[in-house]
Amino acid sequence: QVQLVESGGGLVQPGGSLRLSCAASGFIFNTAHMGWYRQAPGNQRRELVGGITGDGMPRYADSVKGRFTISRDNAKQTVYLQMNSLKPEDTAVYYCNAFNRFTGAATLDPWGQGTLVTVSS
């Protein structure tokens, strides 16, 4: 059974940093392309902001490029998102999921509960 457990969110001031973690189980993690999605308040859509392929190649949305860094630890079946220079527009619930490297669409069900990141002074 697929399980995705996100953690590390919180309230941070603009310019601050947070590190998100996602513990995964129930599927073959080592070869999965893993990504972080976010859903802003009042928005139905979940945006892929960072992804890392099974062989370790990262990709980022333009809105976070240069500020966010994605990494993975296959031994711990965990994917991380280091977020620096946070902006109020980064406020969202952040989720991890596996993704299709051609479409960016999430491929696992169910989603985890997500972790809320609030950037505000």
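Here the structure is shown first, and the text comes after it.
Residues numbered from 1 in each chain as written. Predicted model: local features only at pLDDT ≥ 70, side-chain atom pairs only at ≥ 80, totals over all residues. Heavy atoms only, no water.

S.K.: Describe the pattern of salt bridges, listing the residues and the values that go with them.
M.R.: Following the criterion strictly, the structure yields 4 salt bridges and no others. A salt bridge links D90 to R67; its shortest N-O distance comes to 2.7 Å. Placement of D90 in the loop between β8 (78-83) and β9 (92-98) and of R67 in the loop between β6 (58-60) and β7 (68-73) is noted, with a sequence separation of 23 residues between them. R67 shares its class with D90; the two are buried. Put simply, R38, E47, R67 and D90 are held in one network by salt bridges that share partners. (Salt bridge = Lys/Arg side-chain N within 4 Å of Asp/Glu carboxyl O. Helix = DSSP H or I, 4+ residues; strand = E, 2+ residues; numbered from the N terminus. Buried < 20%, exposed > 50% of the residue type's maximum accessible area, 1.4 Å probe, protein only.)

S.K.: Any details on the sheet that holds strand β4 (residues 34-39)? Residues and values, ideally.
M.R.: Reading across from one edge, β2-β10-β9-β4-β5-β6 is the order of the 6 strands in this open sheet, with mixed pairing throughout. Both edges of this open sheet fall to β2 (10-12) and β6, since each of them pairs with a single strand only. Going from strand to strand, the sheet's axes swing by 25° on average, the running direction of each strand aside. Pairing between β4 and β9: 6 bridges, direction antiparallel. For W36, the partnering residue across the bridge sits in β9 and is C96. (Pairing = 2+ DSSP bridges. Axes fitted to C-alpha atoms, helices over the stretch in contact; angles between N-to-C directions.)

S.K.: Explain the packing of aromatic side chains residue by residue, including any values.
M.R.: Following the criterion strictly, the structure yields 3 aromatic pairs and no others. Measuring from ring centre to ring centre gives 6.3 Å for F27 and F29, while their planes differ by 50°; the resulting arrangement is tilted. The class of F27 is buried, set by a relative accessible area of 18%. With relative accessibility at 1%, the residue F29 sits in the buried group. Residues Y37 and W111 carry aromatic rings whose centres are separated by 5.3 Å and whose planes lie at 80° to one another, so their mutual orientation is edge-to-face. With a gap of 74 residues between them, Y37 in strand β4 and W111 in the loop between β9 and β10 (115-119) connect regions that are remote in the sequence. Exposure remark for W111: the relative accessible area of 28% places this residue in the partly exposed category. Among the aromatic residues, those joined into a ring-pair cluster are Y37, Y95 and W111. (Phe/Tyr/Trp six-rings, centres within 6.5 Å; stacked < 30°, edge-to-face > 60°.)

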